[in-house]
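So the chains spell out like this:
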Amino acid sequence: EGSNISALIDIIAYSYHTLLFYLNQTSSESNFNDTSLYENINRIVKLIDYKPVGKQTSVLPVNIQATADLSAGYYTIPKFTFASAQGKTFTFTSDVTFEKYTSSVETVSAIENQLMYEGTLEEYPVVNPIGEKFEVINLLPGKNIIIDHFNIFAYVKENNAENKWYEWKRVPSIFLAKPNERVFEVRYNENKTYELTFGNGVNGKQLTSNDQVALYYIKSSGTDGKVTKNALTDTSINVYNTTQYNDIYNNIKDTSLNYLTIENSINVNVNNSEDSTSFGEEENVQDIKLNAPKFFSSEYKLTTKPDYKSFIERNYKNLVYDIQVLNNSDYTNDYLQYINNDLEL
C-alpha cells in the first residue's frame, strides 16, 4: 500500500479501463445499420468503394452577350474564366465555345452548357509525389475552407522527354482505368477532407518521384454564395491567369480553338435571368446509409431505373428538385395513357 508498484498498477488499470471504453464504443459502431458517427460510416462504406459526396457550391445559369467590338466567328471562353458582382465570384469550370453571327451586340448560345459555379479558383502548392503505387495526395487547404465537391482538378508535369504539363481526368474509380491512363479518383474521407488517389501503372498511370502535381479547386462561399436573378447584369468576364497556370494552359490548350484572350475578353459579358441554385450540404450519416446500398447494387452501371434515379439524386442534388425515371413501357402505358385517354388531351 502506497508503494511505487501500487501507483503503477493504478495507471495500468486506468489505461485498461479507458481502452475498454473505446473498444465498446467502436465495436458498437462497426455495424452499418447501427453506426451513428460520420467518421465510422465513412470508413465502413469505403469497403465497398462508396465515396460520400461533400459540399456543393451554388450553380448559376448565365446568358452570354458579345459586344459590337467582337467580330463574327467562333470563340471559346477558356476554362476557369470568372465574373464578379455583388461581392460574389462565379467561375466557368470548362471551356465554353460559341458562335457570333453578326458584328453587332448579340446574345450568343454556347455549344456546351452555360453554367457558372459560385466561388473562386484556388491554386494549391505544387506537390512532389513519392512515386509509389496508388499514391494518395491529401488536399488540405486550411480550416473553414469550403471546397466544391465536383470541382477539383489535377495537372501533372511529367518527368519525360517532353517535360510538359498534362491534365489528368477525374474518374469514379481508379480500378476501372486502363494502364497508363491519366486519371485520378477523389474521396471525401472520414476527416471531411479530400484525398486524391493516382494509379499503379496497371489501373491508371503511376506518378513518379520527379513529377510535379498541381491541384486547383473551387473555393465556395457556402450558403452566402446564392444570388437572385439579375445579380450579373452585363458583367464582364475575366480570364484566369497565374504564372503557374499560364504554363499549364500553354501545354494543355486545344490549338484548334479560337480562345478569348485577356485583351478581347472585355467584349463578352454575362447576365443571369434566373436565381442560382442553393448551396448543397455534404451527405450525412442517414444519406450515406440510404445511398450506399443503391450504389453497391448498381456497380458503377446505369442499367435499371433505380440506378438512374440514384445517380442523378446523388450527383445533382443541388440542381434537381425531383425526378422520375420511366422506361418506354412506363411512358406509353402510364403517362401517355393518362394524358390521351383519361384526360382526353
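Look a little higher up for the structure.
All figures in this text were calculated on a predicted structure; none of them were measured in a lab. (Residues numbered from 1 in each chain as written. Predicted model: local features only at pLDDT ≥ 70, side-chain atom pairs only at ≥ 80, totals over all residues. Heavy atoms only, no water.)

**Q** Residues and numbers for the overall build of the protein chain, please.
**A** Within the protein chain one finds six helices and 17 strands. Taking the principal axes of its C-alpha atoms as reference, the protein chain extends roughly 95 × 65 × 45 Å. Relative to its full complement of 345 residues, the protein chain shows a buried share of 42%. The long-range fraction of contacts in the protein chain, counting pairs at least 24 apart against all pairs at least 6 apart in sequence, stands at 75%. Looking at the protein chain as shown, the accessible area adds up to about 19100 Å², and 51% of this sits on carbon and sulfur atoms. Charged side chains of the protein chain number 29 positive and 44 negative; the gap between the two group centres comes to 3 Å. (Helix = DSSP H or I, 4+ residues; strand = E, 2+ residues; numbered from the N terminus. Buried < 20%, exposed > 50% of the residue type's maximum accessible area, 1.4 Å probe, protein only. Contact = heavy atoms within 4.5 Å. Areas by Shrake-Rupley, 256 points an atom, 1.4 Å probe, with all protein chains shown as cover. Lys, Arg positive; Asp, Glu negative; His and termini not counted. Charge placed at Lys NZ, Arg CZ, Asp CG, Glu CD.)

**Q** With reference to specific residues and values, describe the pattern of salt bridges.
**A** Counted under the stated rule, the structure contains ten salt bridges. A salt bridge links Arg-43 to Glu-190; the nearest nitrogen and oxygen atoms lie 4.0 Å apart. Here Arg-43, found in helix α2 (residues 38-46), pairs with Glu-190, found in the loop between β13 (183-188) and β14 (194-198); they are 147 residues apart in sequence, far enough to count as distant. By relative accessible area, which is 22% here, Glu-190 ends up partly exposed. Of the charged contacts in the structure, one is a salt bridge between Glu-282 and Lys-192, with a shortest N-O distance of 2.7 Å. Here the residue Glu-282 occupies a position in the loop between β17 (268-271) and α4 (285-298), and Lys-192 occupies one in the loop between β13 and β14, the gap between them amounting to 90 residues. The class of Glu-282 is buried, set by a relative accessible area of 14%. Residues joined by salt bridges that share partners form a network here, namely Glu-39, Arg-43 and Glu-190. (Salt bridge = Lys/Arg side-chain N within 4 Å of Asp/Glu carboxyl O.)

**Q** So what's going on with the pairing of strand β15 (residues 212-220)? Residues and values would help.
**A** The buried count for β15 comes to seven of nine residues, which makes it a mostly enclosed element. Of the pairings in the sheet, the one linking strand β9 (residues 120-123) to β15 comprises four bridges and is antiparallel in character. The residue bridging Thr-120 from the neighbouring strand is Lys-219, located in β15. Relative to β15, strand β11 (residues 146-157) runs antiparallel, the two being bridged by eight bridges. Bridge pairing in β15 links Lys-157 to Gln-212. (Pairing = 2+ DSSP bridges.)

**Q** Let's hear about unusual backbone geometry: which residues, and what values?
**A** The phi dihedral of Gln-86 is positive, around 55°, even though this residue is not glycine. Classification of Gln-86 as exposed rests on a relative accessible area of 59%. Despite not being glycine, Glu-344 has its phi angle at roughly 55°, a positive value. Mapped onto the secondary structure, Glu-344 falls in the segment after α6 (328-342). A relative accessible area of 67% places Glu-344 in the exposed class.

**Q** Account for the side chain of Asn-267, with residues named and values stated.
**A** Position of Asn-267 relative to the elements: it lies in the loop between α3 (243-252) and β17. Not counting chain neighbours up to four residues away, the residues in contact with Asn-267 comprise Gln-65, Ala-66, Thr-67, Asp-69 and Leu-70.

**Q** Now, about the sheet that holds strand β2 (residues 63-66): what can you tell me, with residues and values included?
**A** Within a sheet, neighbouring strands are paired by backbone hydrogen bonds and run either parallel or antiparallel to one another. Strands sit in the order β7-β2-β17-β16 across an open sheet of four strands; the sheet is antiparallel. Only two strands of the sheet have a single neighbouring strand rather than two, namely β7 (106-108) and β16 (235-236). Pairing geometry for β2 and β17, over four bridges, is antiparallel. Considered in β17, the bridge of Ala-66 is made with Val-268.

**Q** Give a detailed account of the packing of aromatic side chains, specifying residues and quantitative values.
**A** Applying the stated criterion across every chain, the model contains 18 aromatic pairs. A centroid spacing of 6.2 Å and a plane angle of 25° characterise the contact between Tyr-245 and Tyr-249, whose relative ring orientation is stacked. Placement of the pair is Tyr-245 and Tyr-249 together in helix α3, with a separation of four residues, close to one helical turn. Given a relative accessible area of 3%, Tyr-245 falls into the buried group. (Phe/Tyr/Trp six-rings, centres within 6.5 Å; stacked < 30°, edge-to-face > 60°.)

**Q** Can you lay out the sheet that holds strand β8 (residues 115-118) for me, pointing to particular residues and giving the numbers?
**A** The antiparallel open sheet is built from four strands, whose spatial order is β1-β8-β5-β4. Of all the strands in the sheet, the pair left with one neighbour each is β1 (59-61) and β4 (82-85). On average, each strand axis in the sheet is inclined to that of its neighbour by 30°, with strand direction left out of account. Judged from the three bridges that link them, β1 and β8 form a sheet pairing that is antiparallel. (Axes fitted to C-alpha atoms, helices over the stretch in contact; angles between N-to-C directions.)

**Q** Lay out the layout of surface pockets with the relevant residues and their values.
**A** Taking a probe equal in size to a water molecule and rolling it over the atoms shows the remaining empty space. The volume enclosed by the largest pocket comes to roughly 1200 Å³. Taken together, 43 residues form the lining of the largest pocket, with Phe-150, Arg-170, Pro-172, Phe-311 and Asn-315 sitting closest to its centre. For the lining of the largest pocket, the elements supplying multiple residues, two or more each, are β11, β12 (165-170), β13, α4 and α5 (305-315). When residues of the lining of the largest pocket are assigned to their parent elements, the largest contribution, seven residues, is made by β11. Tallied by class, the residues present in the lining of the second largest pocket amount to seven nonpolar, five polar and four charged. (1 Å grid on protein atoms, 1.4 Å probe; cavity = no way out; pocket = protein on both sides within 12 Å on 5 of 7 lines; lining within 4 Å. Points joined across faces, edges and corners; volume = space filled by probe spheres on them. Nonpolar A, V, L, I, M, F, W, Y, C, P; charged D, E, K, R; others polar.)

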